[in-house]
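# An overview of the molecular structure
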Amino acid sequence: MGDRVYFNRFAQVIVDDTEDVSLDIGNEEELALRKAKIRHPLATFFHLFFRVGAIVAYLFCDWFSKSFVTCFLIILLFLSFDFWSVKNVTGRLLVGLRWWNQIDEDGKSHWIFEAKKSSPTKYTATEAEARIFWLGLIICPIIWTVFFFSTLFSLKLKWLALVIAGISLQSANLYGYIHCKTGGQQNVGKTTSRFLSQQLFQR
């Protein structure tokens, strides 16, 4: 009888000890998925292709064509394709963010900023994809701003409208995705500067 009581107490202690033990197998799979290099190679490629193509075309288009109109149209097409693909495709696939504008029945314009909630079993993007997305999104508008001042100081005013279009289109995407990242806050001045500095220094 005493042995049976002792055995029951021993079994209860084992059960109590194992109740608090949790196997973290799922988290290991999530971590492996998140650290995977590239899960959306096509989207990652086109996220950089159009914006880098616009910059390269702006720098070297004169070498291949003496026609200003041809160069202007090629660069503008690159910028337009970049704006559309980043806004509608790569932002959703690479970082799970999306923004757009809609007009209600009263004719009022509303800006919508969405961030996909992280699933416990599936990640939207990997660290490498997020790094590529934000680096491309932040650095390219800075480059176009440099082009603006160089165009202004060198008095190449015929390129000024194109450079301003480049700054506007790429800054619009940057502004929209920062709003998505910060939850669509109305006053994002300090949050934006803090977020940009974190992205640049961390990447």
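Here's a quick rundown of the structure. Bear in mind that the values here come from a model prediction, so they are computed numbers and not experimental data. The numbers attached to residues start from 1 for each chain and follow its sequence in the written order. Only residues with pLDDT of at least 70 are given local features in this predicted model, and only at 80 or more are side-chain atom pairs given and counted; all residues enter the totals for whole chains, interfaces and linings. Where side-chain values are given, they derive from all heavy atoms of the structure, hydrogens and water being excluded.

### Overview of the side chain of Ser65
Secondary structure is summarised from DSSP: a helix means a run of H or I of at least four residues, a strand means a run of E of at least two, and numbering begins at the N terminus for each. Counting through the fold element by element, Ser65 comes out in the loop between α3 (41-64) and α4 (68-94). Residue burial is assigned from relative accessible area. The probe radius is 1.4 Å, only protein chains are included, and a residue is buried under 20% of its type maximum, exposed over 50%, and partly exposed in between. Assessed through its relative accessible area of 18%, Ser65 is described here as buried. Residues adjacent in sequence count toward polar contacts only when both atoms are side-chain atoms; beyond that, a polar contact is any pair of N or O atoms within 3.5 Å, and within protein one must be able to donate a hydrogen and the other to accept it. Polar contacts involving the side chain of Ser65 include one to the main-chain amide nitrogen of Ser67, which spans 3.2 Å. Beyond its immediate chain neighbours, meaning those up to four positions away, Ser65 contacts Thr70 and Cys71. By definition, residues are in contact when any of their heavy atoms lie within 4.5 Å.

### Details of the pairing of strand β2 (residues 109-115)
The pairing criterion for strands is at least two bridges between them, as found by DSSP. Direction of pairing for strand β1 (residues 97-103) relative to β2: antiparallel, over a ladder of 7 bridges. Note that in β2 the partner of Ile103 across the bridge is Ser109. Between β1 and β2, which pair antiparallel in sequence order, lie 5 residues; one of them, Gly107, sits at a positive phi of approximately 85°.

### Comments concerning the packing of aromatic side chains
Paired rings are identified among Phe, Tyr and Trp, the last through its six-membered ring, by centres lying within 6.5 Å, and are further divided according to the angle between planes into stacked (under 30 degrees), edge-to-face (over 60) and tilted (the rest). Across all of its chains, the model carries 20 aromatic pairs by this definition. With centroids separated by 6.4 Å and ring planes inclined at 75°, the aromatic side chains of Phe83 and Trp99 adopt a geometry described as edge-to-face. Of this pair, Phe83 sits in helix α4 while Trp99 is found in strand β1, placing the two residues 16 residues apart along the sequence. Looking at Phe83, the relative accessible area reads 21%, which means it is partly exposed. On the basis of relative accessibility, which here comes to 6%, the residue Trp99 falls in the buried class. Ring-over charges, as used throughout, are those where CZ of Arg or NZ of Lys falls within 6 Å of the ring centre and within 35 degrees of the ring normal. A cation over an aromatic ring shows up here: Lys87 above the ring of Trp99, its NZ or CZ 5.1 Å from the ring centre.

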